[in-house]
Amino acid sequence: MRRSLLTLVIAGTTLAAGCGVAEVTDTGAVGAAPTAETTAVRLGVIPLVDVAPVYLAQREGIFAEHGLEVEAFLAQGGAAIVPAVVNGEAQFGFSNVTSLLQAESRGVPLGLVASAAGPTGDPEADYALIEVPDGGPVRTAADLAGRRVAINSINNVSDTVVRESVRLAGGDPSTIEFVEIPFPDMAAAVSTGQVDAAFLVEPFASLGLAQGLRSVAAPFSEIDPDLTVAGYFTSDQYAAENPDVVRRFADAMRAAHAYAQDNPDAVREILGEYTSIPPEVAAQLTLPDFQTDINRDSVSRLLELGRQDGIIEGDVGVEDVLPAGE
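A.B. asks: How would you sum up the environment of Ile 151? Please name residues and give values.
C.D. replies: In this fold, Ile 151 is placed in strand β8 (residues 148-151). Judged by relative accessible area, Ile 151 falls into the buried class, the value being 0%. Along the chain, Ile 151 and Ala 197 lie 46 residues apart, while their C-alpha atoms are 9.1 Å from each other. If near-sequence neighbours (up to four positions away) are discounted, Ile 151 is found in contact with Ser 158, Asp 159, Val 162, Phe 178, Val 179, Glu 180, Ile 181, Met 186 and Phe 199.

This is the structure in structure tokens:
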């Protein structure tokens, strides 16, 4: 089994999501002016709460302290970000772990360099929930068998974790019909009966609850309270040619995540700079855990579940997407 070049160029250093077709929109760089020693890089991200540390790192000068000028661009999913990283238009990107494992299994050489956000570990208060109409027939995740469930991207991390929540509750996920619906439209689809349930992440999870929906499962926390759901990645080629830049970016993201974890009010405030989340909603939503390290065991679990559900095939192992020592 091929070991990713990424694991070789960052050995000895502690490093730590949905896909859909989207247009890329430049947001511009924010933060300290570059110096002669500063390396300029582009980073593709998705407009989710998860990537708030990127914008905090720009505002607080964390990237500048690590000799980086980071230009972030927004896309709706990995279908836009992965090609940009592979062809060199961007040096780093954000993706869920399942997408990276799928890419590796198809011969696209990518690897994680830093962890992104993860679950709170509390199924009663998490940032990603399966929601259903209050008072309806679905009382637990097991009742989702044979029903229509909305997810943002089919054959990806969303349906993998929904299936596992159903299994853990004693149900049969093989009869679920998944329906691909954008996050902003999911709550309405549940309320009108277009689907029976939806897997929502913040801020849409809180908005769904406010509209009268009810949570029956928190898949990320149920699978692993410290689940590494997503992370920041680069190509094996860029890592091999620029190991120092990769190390500095990974160090900067760890520092940014530590800052975000310690400053939740700053996270809520920064959301308005790259999302359309209103301040009053940002003040109420449940924040994820901003992890500083990759949970290797949880990556193995996602690989196992992906293989079990038939969405990850081919010769791929955890070591292909993780830095050495993780």
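From this point on, the discussion continues.
A.B. asks: Describe in detail the packing of aromatic side chains, supporting the description with residues and values.
C.D. replies: Tallied over the full model, the rule gives 9 aromatic pairs. Among the aromatic residues, ring-to-ring pairing joins Phe 63, Phe 92, Phe 94, Tyr 232, Tyr 238 and Phe 249 into one connected group.

A.B. asks: Please give an account of the sheet that holds strand β10 (residues 197-201) that cites residues and values.
C.D. replies: Note: strands within a sheet are paired through backbone hydrogen bonds, in either parallel or antiparallel orientation. The strand order across the open sheet built from 5 strands is β9-β8-β10-β7-β11, with neighbouring strands paired in mixed fashion. The strands lining the two open edges of the sheet, one partner per strand, are β9 (177-180) and β11 (213-217). The mean inter-strand angle of the sheet, taken between neighbouring strand axes irrespective of direction, is 35°. Note that β8 and β9 share 4 bridges and pair parallel. Each residue of the ladder has a partner; that of Ile 151, found in β9, is Glu 180. Against the sheet, helix α6 (residues 157-168) contacts β7 (128-133), β8, β9, β10 and β11, and its axis sits at roughly 140° relative to β8. Where helix α7 (residues 183-191) meets the sheet, its contacts fall on β7, β8, β10 and β11, and the angle it forms with β10 comes to roughly 150°.

A.B. asks: Any chance you could break down helix α14 (residues 296-308) for me, citing the residues and the numbers?
C.D. replies: Between its first and last C-alpha atoms α14 spans 18 Å; for 13 residues at 1.5 Å apiece the expected length is 18 Å, and the two agree. Restricting attention to buried positions, one finds in α14 the residues Ser 298, Val 299, Leu 302, Leu 303, Leu 305 and Gly 306. Taken around the axis of α14, the buried residues stretch over an arc of 165°, which confines them to a single face. Buried residues belonging to α14 abut α5 (97-105), α6 and α9 (219-223). For α14, the side-chain oxygen to backbone nitrogen distance between the N-cap and Asp 297 is 3.1 Å, and the N-cap itself is Asn 295. Of the residues one or two after α14, Gly 310 is the one with positive phi, at around 80°.

A.B. asks: Which residues make up the side chain of Asn 295, and what values do they have?
C.D. replies: Locating Asn 295 in the fold gives a position in the loop between β13 (289-290) and α14. Here Asn 295 is in contact with Asp 224, Asp 226, Leu 227 and Thr 228, once residues within four sequence places are set aside.

A.B. asks: Talk me through the pattern of salt bridges; I want residue IDs and the actual numbers.
C.D. replies: Within the structure shown, the criterion is met by 12 salt bridges. The salt bridge partner of Arg 163 is Asp 159, with a shortest N-O separation of 3.4 Å. Residue Arg 163 and its partner Asp 159 are located together in helix α6, separated by 4 residues, close to a single helical turn. Owing to a relative accessible area of 0%, Asp 159 belongs among the buried residues under this scheme.

Conventions we followed
- Residues numbered from 1 in each chain as written.
- Predicted model: local features only at pLDDT ≥ 70, side-chain atom pairs only at ≥ 80, totals over all residues.
- Heavy atoms only, no water.
- Helix = DSSP H or I, 4+ residues; strand = E, 2+ residues; numbered from the N terminus.
- Buried < 20%, exposed > 50% of the residue type's maximum accessible area, 1.4 Å probe, protein only.
- Contact = heavy atoms within 4.5 Å.
- Phe/Tyr/Trp six-rings, centres within 6.5 Å; stacked < 30°, edge-to-face > 60°.
- Pairing = 2+ DSSP bridges.
- Axes fitted to C-alpha atoms, helices over the stretch in contact; angles between N-to-C directions.
- Expected span 1.5 Å × (residues − 1).
- Arc of directions from axis to C-beta.
- Polar contact = N/O pair within 3.5 Å; in protein donor to acceptor, adjacent residues only side chain to side chain.
- Salt bridge = Lys/Arg side-chain N within 4 Å of Asp/Glu carboxyl O.

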